[in-house]
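Spelled out, the chains give:
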Amino acid sequence: ISFWAIPLLAIDLDFSIDLQQRKFTPAPIQKQGLSQKSADLMGKHIIIQFDRPLTDQEKTRLADAGIELLEYIPNLAYTVKLTRTIDESLINQHGIRWFGEIYPDDKISPLITDFGIGDWARRDGGRAKFTVLLHKDEDINFWSEEFERLYNAEITGLAKTINGIEMIVPELAYLGISE
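Quick caveat, the model's predicted, so the values are computed rather than measured. (Residues numbered from 1 in each chain as written. Predicted model: local features only at pLDDT ≥ 70, side-chain atom pairs only at ≥ 80, totals over all residues. Heavy atoms only, no water.)

Another aspect to go through is the overall build of the protein. Tallying secondary structure elements over the protein gives six helices and ten strands in all. Seen through its principal axes, the protein has C-alpha atoms that stretch 60 × 45 × 30 Å. In the protein, which comprises 179 residues, the share counted as buried stands at 39%. Across the protein, every contact between residues at least 6 apart in sequence was considered, and the portion connecting residues at least 24 apart equals 68%. Total accessible area computed for the protein in this model is approximately 11000 Å², and 53% of it derives from carbon and sulfur atoms. If you average the places of the 19 positive and of the 28 negative side-chain charges in the protein, the two averages end up 2 Å apart. (Helix = DSSP H or I, 4+ residues; strand = E, 2+ residues; numbered from the N terminus. Buried < 20%, exposed > 50% of the residue type's maximum accessible area, 1.4 Å probe, protein only. Contact = heavy atoms within 4.5 Å. Areas by Shrake-Rupley, 256 points an atom, 1.4 Å probe, with all protein chains shown as cover. Lys, Arg positive; Asp, Glu negative; His and termini not counted. Charge placed at Lys NZ, Arg CZ, Asp CG, Glu CD.)

Shown next, in the form of structure tokens:
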């Protein structure tokens, strides 16, 4: 067996982002309109893609800079909580290749979008049982109360290990919940 140290720059990196609902290859960041785009996404969960794999040190520096990495998304991307605006110095310093929104359709299972709500999930009165998985930085108790208030949800279970809420809500409530 032999091992070779190949510089990362010599490798063609795959910049496609592979979500459960769509796969796309974003174009690198355009500097024009950067501050407005960043301001619009402030405080939201977004996707950030980097130009290389991140080290643990880089992940710590990103958190210190107001970018909390939550979950990895193939390839070289993460869902993040953005607590500051992204400017050109942050892009250059941390190798940010692209950033953008997580759309509502990105959050809905392909089983629902492709096949509809299964009969097994349907309940009386036009209601259905769903499991909502929250980002790891979200408070499961807060959101279960919000779903009760906003959608008259009947909470049937809290799965704290996966930050998930099982609930029965009106069938089309999933469209609002995904917003």
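Now, onward.
Right, let's talk about the nonpolar core for a bit. If you look at the biggest cluster of nonpolar residues, it comprises 19 residues, and the most contacted ones within it are I48, F50, I67, L69, I86, I96 and F99. Among all residues touching F99, those that are not within four sequence positions of it are I29, L34, K37, S38, L41, I46, I47, I48 and I86. Counting 17 residues, the second-largest nonpolar core is a separate cluster that includes I117, A121, M167 and Y174. (Core = buried A, V, L, I, M, F, W, Y, C linked by side-chain atoms within 4.5 Å.)

What follows concerns the pattern of salt bridges. Inspection of every chain in the model, using the stated rule, returns nine salt bridges. The closest approach of N and O atoms between K129 and E166, which form a salt bridge, is 3.9 Å. Of the two residues, K129 sits in strand β8 (residues 127-133) while E166 sits in strand β10 (residues 164-170), which places them 37 residues apart along the sequence. Across the pair R149 and E146 runs a salt bridge whose closest N-O atoms are separated by 2.8 Å. Highlighted residues: R149 and E146, both in helix α5 (residues 140-151), separated by three residues, approximately one helical turn. Accessibility expressed as a relative area gives 57% for R149, which makes it exposed. Judged by its relative accessible area of 16%, E146 is buried. In the salt-bridge network here, residues are joined through shared partners; they are D51, R52 and E58. (Salt bridge = Lys/Arg side-chain N within 4 Å of Asp/Glu carboxyl O.)

Our focus in this paragraph is the side chain of Q49. Along the chain, Q49 falls in strand β3 (residues 45-50). Using a relative accessible area of 0% as the deciding quantity, one classes Q49 as buried. Side-chain polar atoms of Q49 contact the backbone oxygen of F15, separated by 2.9 Å. Leave out the neighbours within four places in its chain, and Q49 touches F15, S16, I17, P26, N75, L76, A77, G95, I96, R97 and W98. (Polar contact = N/O pair within 3.5 Å; in protein donor to acceptor, adjacent residues only side chain to side chain.)

We now examine the sheet that holds strand β9 (residues 154-159). Pairing in this open sheet of four strands is antiparallel, and the strands run β7-β8-β10-β9 from one edge to the other. Each edge of the open sheet is held by one strand with a lone partner, namely β7 (122-123) and β9. Pairing analysis gives two bridges linking β7 to β8, with the strands arranged antiparallel. Looking across to β8, one finds that R122 is bridged to A128. Contacts between α5 and the sheet are confined to β8, β9 and β10, with β10 contributing the most and set at about 0° to the helix. (Pairing = 2+ DSSP bridges. Axes fitted to C-alpha atoms, helices over the stretch in contact; angles between N-to-C directions.)

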